[in-house]
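Architecture and fold: a report
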Amino acid sequence: MKRILVVDDEEAIRLLYKEELSEAGYQVEMAANGEEALRKASQARPVLMTVDVKMPGMDGIELVSRVRELWRELPIIICTAYDYRRDFGTWASDAYLTKSSDLTELKAKIRELVGV
Amino acid sequence: MSLSSPTLDQLPDLPTLYRAAQAFTASLDLTEVAAAAARIPAAALGARSAVVRLLDLPTEALRVEARFEEGGESVAAAIDEAVAGLTLREGKPLLLTDLAADARLAPLGAAPGTAGLAAPLVYQGRPLGALCLFRGGPPNPAPPFTEADLRLLAALASHAAVGLANAQQFHTAKHRAAELEALREISQAVVGRLELPAVLEAVVAGGMRLLQSEHAQIVLWDEGTHSLRYGAALGPEAERVRQQTFTLGRGVNGMVALTRKPMIVDDYARSPHALAEFTDVQATITIPVLFGDRLLGVLHSHTTDPVRRFTQDDLRLMTLLATQAAIAIENARLFEEAEQLAEAHLLRLKQIAILNEIGNAMQGTMHLDALLQVILTGVTFGGGLGFNRAILLLLDETTGVLRARLGVGPASGEEAAQVWHTLTSPTRRLSEVIAERAGQQRPGDQSAFDQMVRKLEIPLDQEDSMLAQAVREGRPFRVVRGSQPPPGQSECVLLDVDEFAAVPLLAKGKMLGALMVDNKYNGKPITDADLELLAVFANQAGLAVEHARVYTRLEDAHREIQRSHHQLVRQERLAALGEMAAHVVHEIRNPLVAIGGFARRLARRLEGREPEGVYAQVIGREVDRLERIVQDVRGMSREMHMHLIETDLHELIQECLVLVAERIALQGVALRIELCPQTPRLLLDPVRIKQAILNLLGNALEAMPEGGTLQLATQVVGKNGAEGEAGGASGETVRDASPGRRRREPGTYRLAPGEWVILSVRDTGGGIPPEIEEQVFQPFFTTKEVGTGLGLTLVRRIAGVHGGRVEMENRPGQGVTFRLWLPAPESTGPAGAIPPQGGAP
């Protein structure tokens, strides 16, 4: 079962993603901030990360750049409520999605990047 | 001492000499002195007759100055003239014992036994004439004169010569003085006048006075027409002269004008220059009037007196008069020219004043229609250019047609009379008339003439139109009915006039149109001066028209700027609002996502369970709505950060369709997708474009709640961007990407610069009422019961930041089609510069 790391400071969102993605057939790990995400990533070695941008402590921008240094090939999907794209280089992520209660698009993107 | 008898004999009779000398110098009157010079020698020498003949210098004739005859006895004039000539020629006194026996005199028929005695009259070596004495012959025989008589006569003659010379000189001096006085007076009279007729009359009067003649005339030479014409005449024949025609070379006047030499004719009837009609003329004198070497005319006098002859003296005086006359005539001419020039200047000044006044009125009028009215009022107003009617035509540059914009003028003769009565009153100024007419001017308040002419349209290439020709050639024309080849004749008929003029309206070399004028009602001919003034005016009017046009454009530009300014202010306000809203919506988005997400989960789990399942669906749907609102409001914030990536538009469309697939199915909408065979890759911000497409799809679906057909199509069009409804390769300008050409990789198509991709979204939702068509792109305008009213505003904004646009085609009662135009990248550039996104990883 492919492992996905969901990084979001909002618990409700983490929960929603975990339930939805689990249902879609993935094993879901969760982190509430950047530091935790790095730790979980090195332990769990996920195949894909979804990263929120606005987080306390290490935010999504810093996290993505650190992840890229450590695991160059790890697909990252940025999921945000806000428009942060200007803060990323084009290299930063494999997809950039606006958060929506309808996770159809997210799931489609994950499937596209890593399969089921 | 004593003197010998012969010596004594030879001495003249001293007392006689003394008395004679006293008598000869007692008077300065030539006649008196001459009479004494004849009488005293005759008495002293016992002569029966004596003659004093004086030499007339120019002719060398020996004129009888005095004749003394005792008892009526005399020799014939021919004989005494011959004797006088003889003694003058010989230069010494002559003793003629018998005239009949003298071979030189006998042929003259002198009576036998007539004795003669003659002596030349010489003063200081200058011969003055001769003194001749005669006696004897039948019926009073007498002895011949002696040598002593001869000596006495010689002495008497030398004394007489002194007296005669004195008297002659005095006479000449007196005559000269009189002449000079007369000349002075005449000169004053002649030169003191400035009007030519007065000058000529003074010259003629002077001529009569100098010649003491009963007639004088002056004929003028016209250099321009090379002909002679009457100048002035005085005397009983003045009227006849006035009606006479003069021809160069004919008659004495004509000859003198031709030869420029004075001429005196003593016997007119026999002169080769005599004219048959002047039967009573005896003698003539004719002098050319020359100014420098330029002929001004001929001064002439004649006499009907059978004995009067014109002398060299007369000639001399008349020549002096002619010189004076020449100066005076020339002055008069200069004066006349100056007067004409002054008059022309005055007229020009008046014209300039008119132009100035119209010009002022034109400058004060910036609106084209009002300006045209001012122009034509200026052309037709009595205090302006004063034409009866005028038409102003403007050139439509795109079609090349002259179109009448305004006509000013009465429609009928009665109206003309009425109008002019009010217009020509001297107290009315042009400015007042213009102001009054401007006040009357209302739409539809057109005169009958105006209404008639406004239908006038003349293609610039119309051969028989003088208006078109005036515009084509850029110069004024005047057309007289029937007098010229075709151009303009049909217009004469059209306007029902015998004459009209057309001038082009130009501004800085640019052709604007034409002015046409006529004098239909008063029939006043259009002069060169009128045409010239009209042309000058047209130049001025052309500039004013051009200025008015520029002004109108400026006004439009100003209005546009104001409009954009208002829009900008409004957009700024919206953006500020969006900014604030963005902060709010960001904060509510995460909770919304969670609420919505779990509601969906609930709905799925509770599917089929009433009513809980429905509740969950309602929550999910409402959250959807809130999320859309949030999305729209986000888009309105001031900054729209663009993230351009080379994107496959078709892939983006597919992603959108995934998101609305459920709704399409729910609403029972039939989906038709017609994508062009190429796969257009564009530089896009995929998130933004997706948002725009979703908004369009959302609108279409909202318009068809009960089902319908949603058509989605793409097409590639060329630079001119012909609109095509359907996608695919249909339509002429749709470029077909041939295989292998421009294809970089299978399935993608790179557009050429200047090409466009049109994405159209068409619904069958009944369209929108035409009256609100304009408003659909306005922010916060909505026909929906739910919605922010920002959807289409956002679509337009997104299209705009991509360099494209959005169009709406409304088919009321049927549906609406939105077309999103997206441009090809400016240059294809290095393809690797921007990593592709959305394609296969």
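Rules used throughout
- Residues numbered from 1 in each chain as written.
- Chains lettered and ligands numbered in written order.
- Predicted model: local features only at pLDDT ≥ 70, side-chain atom pairs only at ≥ 80, totals over all residues.
- Heavy atoms only, no water.
- Helix = DSSP H or I, 4+ residues; strand = E, 2+ residues; numbered from the N terminus.
- Buried < 20%, exposed > 50% of the residue type's maximum accessible area, 1.4 Å probe, protein only.
- Areas by Shrake-Rupley, 256 points an atom, 1.4 Å probe, with all protein chains shown as cover.
- Contact = heavy atoms within 4.5 Å.
- Buried area = accessible area lost by both parts, 1.4 Å probe.
- Salt bridge = Lys/Arg side-chain N within 4 Å of Asp/Glu carboxyl O.
- Nonpolar A, V, L, I, M, F, W, Y, C, P; charged D, E, K, R; others polar.
- Pairing = 2+ DSSP bridges.
- Axes fitted to C-alpha atoms, helices over the stretch in contact; angles between N-to-C directions.
- Left-handed = near helix turned anticlockwise from the far one by under 90°.
- Phe/Tyr/Trp six-rings, centres within 6.5 Å; stacked < 30°, edge-to-face > 60°.
- Lys NZ or Arg CZ within 6 Å of the ring centre and 35° of its normal.
- Patch = residues over 30% accessible without salt bridge, like charges linked within 9 Å, V, L, I, M, F, W, Y side chains within 5 Å.
- Lys, Arg positive; Asp, Glu negative; His and termini not counted.
- Charge placed at Lys NZ, Arg CZ, Asp CG, Glu CD.
- Core = buried A, V, L, I, M, F, W, Y, C linked by side-chain atoms within 4.5 Å.
- pLDDT = per-residue confidence, 0-100.

Take the overall build of chain A next. Each helix and strand counted, chain A has four helices and five strands in total. For chain A, the α and β elements follow one another from N to C terminus as β-α-β-α-β-α-β-β-α. Across the 116 residues in chain A, those meeting the buried criterion constitute 52%. Entry remark: accessible area of chain A is about 5,000 Å², with carbon and sulfur atoms responsible for 46%.

The number of helices and strands found in chain B is 20 helices and 24 strands. Looking at chain B residue by residue over its 841 residues, the buried ones come to 46%. Long-range pairs, those at least 24 residues apart, make up 65% of the contacts in chain B between residues at least 6 apart in sequence. For chain B, the exposed area adds up to about 41,400 Å²; of that, 55% sits on carbon and sulfur atoms.

All right, on to helix H20 (residues 791–801) of chain B then. Buried within H20 of chain B are the following residues: Gly791, Leu792, Thr793, Leu794, Val795, Ile798 and Ala799 of chain B. Looking one or two residues beyond H20 of chain B, the residue adopting positive phi is Gly803 of chain B, at roughly 80°.

It is common to give the size of an interface as the accessible area lost on bringing the parts into contact. Counting residues at the interface gives 26 residues for chain A and 34 residues for chain B. Interface area for chain A against chain B, summed over the two sides, is near 2,700 Å², with a carbon-plus-sulfur share of 51%. Put simply, chain A and chain B have seven salt bridges between them. A salt bridge links Arg600 of chain B to Asp102 of chain A; the nearest nitrogen and oxygen atoms lie 4.0 Å apart. Contributing elements (two or more residues each) for the side of chain A that touches chain B: helix H1 (11–23), strand E5 (95–98) and helix H4 (104–114) of chain A. The leading source of residues in the side of chain A that touches chain B is H1 of chain A, at seven residues. Partitioned by chemical class, the residues of the side of chain A that touches chain B number seven nonpolar, five polar and 14 charged.

For the rest of this paragraph, the subject is the pairing of strand E24 (residues 815–823) of chain B. All names here are of chain B. In terms of burial, E24 is a largely internal element, eight of the nine residues being buried. In this sheet, E24 lies alongside strand E23 (residues 805–811) in antiparallel orientation, the contact comprising seven bridges. If you follow Arg811 over to E24, its bridge partner there is Gly815. Where E23 hands over to E24, the hairpin turn is made up of three residues, of which Gly813 adopts a positive phi near 85°.

Right, let's talk about the sheet that holds strand E22 (residues 756–762) of chain B for a bit. All names here are of chain B. The sheet built from five strands is open, its strands ordered E18-E20-E22-E24-E23 with mixed pairing. Where the open sheet ends on each side, the last strands, each with one partner, are strand E18 (669–674) and E23. Sheet twist, expressed as the average angle between the axes of neighbouring strands with direction ignored, equals 15°. As defined by bridge partners, strand E20 (residues 708–717) adjoins E22 across seven bridges and the pair is classed as antiparallel. Opposite Gln715, over in E22, you have Ile758 as the bridge partner. Across the face of the sheet, helix H18 (residues 649–667) comes into contact with E18, E20, E22 and E24 while running at roughly 170° to E20. Where H20 meets the sheet, its contacts fall on E23 and E24, and the angle it forms with E23 comes to roughly 140°.

Residues and elements named next belong to chain B. At a minimum axis separation of 9 Å, helix H19 (residues 686–703) and H20 run at an interaxial angle of 145°. H19 and H20 meet at a crossing whose hand is left-handed. When H19 is examined against H20, the residues Arg688, Ile689, Gln691, Ala692, Asn695, Leu696 and Asn699 are found in contact with a partner set consisting of Gly791, Leu792, Leu794, Val795 and Ile798. Of the residues assigned to the contact of H19 with H20, the class counts are seven nonpolar, four polar and one charged.

As a further point, take the pattern of salt bridges. Overall, the coordinates contain 51 salt bridges over all chains when judged by the stated rule. In this structure, the salt-bridge partner of Glu90 of chain B is Arg104 of chain B, at a minimum N-O distance of 3.4 Å. Highlighted residues: Glu90 of chain B in helix H4 (residues 77–90) and Arg104 of chain B in the loop between strand E3 (94–96) and strand E4 (114–123), separated in sequence by 14 residues. Classification of Glu90 of chain B by relative accessible area gives partly exposed; the value is 38%. Taking relative accessible area as the criterion, Arg104 of chain B reaches 42% and is therefore assigned partly exposed. Across the pair Glu646 of chain B and Arg681 of chain B runs a salt bridge whose closest N-O atoms are separated by 3.1 Å. In this pair, Glu646 of chain B is assigned in strand E17 (residues 645–648) and Arg681 of chain B in strand E19 (residues 680–684), connecting sequence segments 35 residues apart. The buried category is assigned to Glu646 of chain B, whose relative accessible area is 12%. Where salt bridges share partners, they join Glu19, Glu20, Glu23 and Lys107 of chain A together with Arg601 and Arg604 of chain B into one cluster.

Once that is clear, we can look at the packing of aromatic side chains. All names here are of chain B. Applying the stated criterion across every chain yields a total of one aromatic pair over all chains. Between Trp756 and Trp821, the ring centres sit 5.7 Å apart and the planes meet at 75°, which makes this aromatic pair edge-to-face. A residue pair is termed long-range when its members are at least 10 positions apart, and Trp756 in strand E22 and Trp821 in strand E24 qualify at 65 residues. Residue classification places Trp756 among the buried residues on the basis of a relative accessible area of 17%. We classify Trp821 as buried; its relative accessible area is 2%. Directly above the aromatic system of Trp756 lies the positively charged group of Arg805, at a separation of 5.4 Å from the ring centroid. Seen from the ring of Trp821, Arg805 lies directly overhead, with NZ or CZ sitting 4.0 Å from the centre.

On to the pairing of strand E12 (residues 401–408) of chain B. Residue and element names in this part refer to chain B. Counting buried positions along E12 gives six out of eight residues, so the element sits mostly inside the fold. Bridge count for strand E11 (residues 389–396) against E12 is seven bridges, and the pairing is antiparallel. Its bridge partner being in E12, Ile391 is matched across the sheet by Gly407. Two strands pair when backbone bridges link them, and E12 and strand E13 (residues 457–459) are joined in this way by three bridges, in the antiparallel orientation. When the sheet's bridge partners are listed, Leu402 is paired in E13 with Ile458.

Let us now look at the sheet that holds strand E1 (residues 3–7) of chain A. All names here are of chain A. An order of E2-E1-E3-E4-E5 is seen for the five strands of this open sheet, with the pairing classed as parallel. Of all the strands in the sheet, the pair left with one neighbour each is strand E2 (27–31) and E5. Between one strand and the next, the sheet's axes are offset by a mean angle of 20°, whatever the strand orientation. In terms of strand pairing, strand E4 (residues 76–80) meets E5 through four bridges, oriented parallel. In the sheet register, Cys79 faces E5, and the bridge partner there is Leu97.

On to a negative patch on the surface. Residues and elements named next belong to chain B. Taken together, Glu195, Glu336, Glu337, Glu339 and Glu343 make up a surface patch of like negative charges. Here Glu336 lies in helix H9 (residues 312–363). The exposure class assigned to Glu336 is partly exposed, which follows from its relative accessible area of 39%.

A separate point is the nonpolar core. All names here are of chain B. Grouped together as the largest cluster of nonpolar side chains are 42 residues, with contacts concentrated most on Leu649, Ile689, Leu697, Leu710 and Phe818. If sequence neighbours within four positions are ignored, Phe818 has contacts with Leu696, Leu759, Ser760, Val761, Phe777, Leu792, Val806, Glu807 and Met808. Residues Val33, Ala50, Leu133 and Leu164 belong to the second largest nonpolar core, which totals 37 residues.

This part covers unusual backbone geometry. For residues that are not glycine, phi is negative in most cases, and the peptide bond is trans in most cases. Residues and elements named next belong to chain B. Omega for the peptide link from Glu610 to Pro611 comes to -5°, which places this bond in the cis form. Mapped onto the elements of the fold, Pro611 is located in the loop between helix H16 (528–605) and helix H17 (612–635). Of note in this structure, His226 is not a glycine but carries a positive phi near 55°. In this fold, His226 is placed in the loop between strand E6 (216–222) and strand E7 (227–234).

Detail in the predicted coordinates should be disregarded across regions flagged by low pLDDT. Residues and elements named next belong to chain B. Averaged over all residues, the pLDDT of chain B equals 81, while 85% of them reach at least 70. Segment residues 1–6 is flagged for pLDDT under 50; beyond a separation of four residues in sequence, or across chains, it makes two contacts in the model. Across residues 828–841, confidence stays below pLDDT 50; counting only partners more than four residues off in sequence or on other chains, it has 18 contacts.

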